[in-house]
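# What the coordinates show
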Amino acid sequence: MSRLSSATRKLIGGFLAIAVFMTGDGFELTFLSKYMVDHGFAATQASLLITVYGLFAAAAAWTSGVLAEMFGAKRLMLIGATWWIVIQIIFLAAALPSGNYPFILFVYSIRGVGYPLFIYSFVVLMAETVDPAKLSSAMGWFWTSFSMGIGVFGAYLPSYIIPVLGEYKTFWCAMPFAIIGTIMCILLVPNTKGRAAEGLDRAEQIRELTKGATILVKNRQVAFAAIVRVINNLVLYGFPVIMPLYLSTHNNGGGGWFPTETWMRFWGFVFVVTLFANVFWGWFGDRFGWMMPVRWFGCVLLAGSTLFVYYVPQFFGANAPLMWLGFFLVGVGTCAFVPLTAVVTTLAPGEQGAALSAYNLAAGLTTFAGPLIATIIMPIGGFGGVCWAYAILYAFAFVLTLFIRPKQPGFDAKGRRLIEEVRIDEAEAIAGDLDGIRPAKQA
C-alpha cells in the first residue's frame, strides 16, 4: 500500500481536527433515539428528530462546496464549528430539559447546519490540494478521520460514561471535543484563498451557489453518482435510529436481546473496521479502478449485511459472535464507496466546486434519508421492513453504477489499468526514493 503523498501529509493536522470535532458531534448518535423514547416520546418522534436534523445537514452540505470555493475552506470550517458549539449549548441547557418537542426539534435541527460546513469544506480544500490521481487515497484518510471521531470515540466513550454519569450528563461530554477540534482547525489547517467572492455581485454569488443543484440536471452521471452517494450511508445513519430500539428494547417489535451498552460497542466496532477499510478502499480504487469496489463491495455487500444483522437475532437470539461478524461486514461495505469523491471530481471538468457541492448535498441527504425511511416504514413494516427497504435501495445503487463511467487517470474508458501508467508510477516512486538517499551535488 502506498505511502502518504506530500500533499496529503500537509493535511494531517486537518484530519486530526476532524477526528476530534466529530467525536463531539457523534456522542449522542447511538443513544439519542432511546433517550427520547425513555422520556415519553414516541419512536416515530425520535426518528423524526434525526430525520429533520439530516435535512438541515443536507442543505448545509449542499452549499459547502461552492461557499468554500468562494470564501475559503478554512474560514467556512470555523463558521460551521462555531455554529455547532453555540447551538449545542442551547440544545442541552434549554431545549432538551424543557420536554417541549417542537422546541427540541427546532434547536436540534438547526444544529445540523454546523458539522457539514466543517467537514465538507475540508473536502474542497483536499480537492484543491491533492493530485486527482491520488484523491481516492486521500479521501480514504479523510473518512478514516471521520470514522475515528463519529464512530469509534463517539460510540465507545459514551458506552463507558453513561453507566457512571447517566445519559443527560454524557451529552455534555461532547462539548470539550468540539471545542478542541475547533482550536486544532485554527492552528493546523492550512489557509486557503477562495475565489474573489468580493468581486462578484449578489446575482453572480447566487448563481455560483445554485450550480451545486443545477449540475444534477445538466450532468446525468453526476446525478447518478449523487444518488449512489445518498444510498451509500443509509445504514450508517438509519441503524442508530432503529437498532437501539430493535436490539435493546421491546418497543415496536424489538427483542431486547442486548443491553444498550453492548449495542453501542457493536456500532463502535463498525467504525473501528472503517479505520482500516477506508484507507484500503481508497488505495484499492486508485490502483485497480474506482467503480469496482463501489459496485461489488459497496452495493452488494451492504445489501446482504443489512439483512444479515436483522435476521441473526431472529434465528439465533443473542448470538454476539454472529452480530460482530454482521457489523464487521457493514463496516467493510460502507467504506467501499470511498472512491466516489474522486469519481465526482472527474465527471464535471471545469465545474469541480459545483460537482462537489452536489456530492456533498447527497452526503448530507443520507443523514436525512436513512432516518426518514425508518420513520415512514417502521409503523407499517417494523424493523424488518426498514432493513429490507435499505437492501433494495443498495441493489438499485448497483444498477446505477453500471452507468457511471469516470475518466480515471491511468485507466482506459472501460476502467482497465494502462500498463504504461503502471510502469511510469513505479519509475516515479523509485525516483522519489532515490532522491531521498542521493547525496547533494557539490557546489
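By convention here, each chain's residues receive numbers from 1 onward along its written sequence. In keeping with the predicted nature of the model, local features appear solely for residues at pLDDT of at least 70, side-chain atom pairs appear and are counted solely at 80 or more, and the whole-chain, interface and lining totals rest on all residues. In computing side-chain properties, one takes all heavy atoms of the structure into account and sets aside hydrogens as well as water.

### Thoughts on the environment of I227
Helix and strand definitions here come from DSSP, where helices need a minimum of 4 consecutive H or I residues and strands a minimum of 2 consecutive E residues; each element is numbered from the N-terminal end. By the element assignment, I227 lies in helix α12 (residues 220–232). Expressed as a C-alpha distance, the spacing of I227 and A397, which sit 170 residues apart in the sequence, is 7.5 Å.

### A look at the packing of helix α4 (residues 43–71) against helix α5 (residues 73–98)
Only the stretch in contact is used when fitting a helix axis, every axis being a line fitted to C-alpha atoms; angles between N-to-C directions are given from 0 to 180 degrees. For the pair α4 and α5, the least separation of the axes is 7 Å and the interaxial angle reads 125 degrees. On the basis of their axis angle, the class for α4 and α5 is oblique. Between α4, through S64, L67, A68 and F71, and α5, the contact on the second element is made entirely by A73, R75 and L76. When residues are grouped by polarity, Ala, Val, Leu, Ile, Met, Phe, Trp, Tyr, Cys and Pro land in nonpolar, Asp, Glu, Lys and Arg in charged, and all others, Gly among them, in polar. Residues of the contact of α4 with α5, tallied by class, amount to 5 nonpolar, 1 polar and 1 charged. In this scheme, roughly parallel covers angles under 35 degrees and roughly antiparallel covers those over 145, while 65 to 115 is roughly perpendicular and the rest are oblique. Here, two residues are considered to be in contact whenever any of their heavy atoms come within 4.5 Å of each other.

### Overview of α5
For a helix, the expected span equals 1.5 Å multiplied by the number of residues minus one. Here α5 contains 26 residues, and its C-alpha end-to-end distance of 36 Å stays within 8% of the 38 Å for a straight helix at 1.5 Å per residue. In this scheme, the bend at a residue equals the angle between the axes fitted to the seven residues that finish there and the seven that begin there. The largest bend in α5 comes to about 40 degrees, at F91. A positive backbone phi angle near 70 degrees is found at G99, which sits one or two residues after α5.

### Section: the packing of helix α14 (residues 260–288) against helix α16 (residues 320–335)
Packed helices, taken two at a time, are described by the angle between their axes plus the distance between the axes. Where α14 meets α16, the axes come as close as 7 Å, and the angle between the chain directions of the two elements is 40 degrees. Every pair of crossing elements has a handedness; the one defined by α14 and α16 is right-handed. Side by side, α14 and α16 meet where W263, R265, F266, W267, F269, V270, V273, T274, A277, N278 and W281 of the first sit next to A320, M323, W324, F327, F328, V330, G331, V332 and C335 of the second. Residue classes in the contact of α14 with α16 are distributed as 16 nonpolar, 3 polar and 1 charged. Crossing handedness is read from the near helix: turned anticlockwise from the far helix by less than a right angle, it gives a left-handed crossing, and turned clockwise, a right-handed one.

### Observations concerning the environment of V279
On the secondary structure map, V279 appears in helix α14. For V279, a relative accessible area of 11% puts it in the buried group. In sequence terms V279 and W141 are 138 residues apart; their C-alpha atoms lie 5.6 Å from each other. Exposed residues in this analysis have more than 50% of their type's maximum accessible area, buried residues have under 20%, and partly exposed residues fall in between, with area computed by a 1.4 Å probe over protein chains only.

### Let's talk about the pattern of salt bridges
A pairing counts as a salt bridge when a side-chain nitrogen of Lys or Arg comes within 4 Å of a carboxyl oxygen of Asp or Glu. Applying the stated criterion across every chain yields a total of 3 salt bridges. Put simply, D25 and R111 hold a salt bridge, and the shortest N to O gap is 3.5 Å. Note that D25 is positioned in helix α2 (residues 12–25) and R111 in helix α6 (residues 101–111), a separation of 86 residues in sequence. We note that D25, like R111, is buried.

### Here we look at helix α10 (residues 174–188)
The end-to-end C-alpha separation of α10 is 21 Å, in line with the 21 Å expected for 15 residues at 1.5 Å each. Every buried residue belonging to α10 is among A174, M175, A178, G181, T182, M184 and C185, and all of these are buried. Residues of α10 that are buried make contact with α2, α5, α7 (114–129) and α9 (167–172).

### Some thoughts on the side chain of R295
Secondary-structure assignment places R295 in helix α15 (residues 291–316). Filtering out sequence-adjacent residues up to four positions away, R295 remains in contact with V300, F398, T401 and L402.

### Comments concerning the nonpolar core
Only buried residues count toward a nonpolar core, which is a set of Ala, Val, Leu, Ile, Met, Phe, Trp, Tyr and Cys residues joined through side-chain atoms within 4.5 Å. In terms of nonpolar packing, the biggest core is built from 139 residues, with F122, F142, F239, I242, W267 and F327 touching the most fellow members. Looking at this core element by element, the count peaks at 21 residues for helix α18 (residues 352–401). Throughout, the edges of the domains are those of an automatic or database domain assignment. Two domains each put at least three residues into this core: domain 1 (1–187 + 202–214) and domain 2 (219–405). Residues in contact with I242, not counting those within four places in the same chain, are A374, M378, F383, V386 and C387.

### Details of the side chain of R229
For R229, the position within the fold is in helix α12. Of the side chains with opposite charge, D25 lies nearest to the buried R229, which makes no salt bridge, at 13 Å. Among all residues touching R229, those that are not within four sequence positions of it are Y120, W143, L340, Y359, A362, A363 and T366. Counting rule applied: Lys, Arg positive; Asp, Glu negative; His and chain ends not counted.

### Focus: the packing of aromatic side chains
Two rings from Phe, Tyr or Trp (for Trp, the six-membered ring) form a pair when their centres are within 6.5 Å of each other. A pair whose planes differ by under 30 degrees is stacked, one over 60 is edge-to-face, and the rest are tilted. Taken as a whole and judged by the stated rule, the model has 37 aromatic pairs. Taking the centre distance of 5.5 Å and the plane angle of 25 degrees together, the rings of F266 and F327 count as stacked. Linking F266 in helix α14 with F327 in helix α16, this pair joins segments that are 61 residues apart in sequence. A single burial state applies to F266 and to F327, both of which are buried. Centroid distance W281 to F297: 4.8 Å. Interplanar angle 35 degrees. Geometry classified as tilted. In this pair, W281 sits in helix α14 while F297 sits in helix α15, placing the two residues 16 residues apart along the sequence. A relative accessible area of 5% means that W281 is categorised as buried. For F297, a relative accessible area of 34% corresponds to the partly exposed category. Here the aromatic cluster, defined as three or more aromatic residues joined through ring pairs, consists of F239, F258, W263, F266, W267, F269, F271, W324 and F327. The criterion is that NZ of a Lys, or CZ of an Arg, lies within 6 Å of the ring centre and within 35 degrees of the ring normal, and then a charge sits over that ring. Positioned over the ring face of Y160 is R265, at 4.4 Å from the centre of the ring. Here R287 stacks its cationic end above the ring of F288, 5.3 Å away from the centre of that ring.

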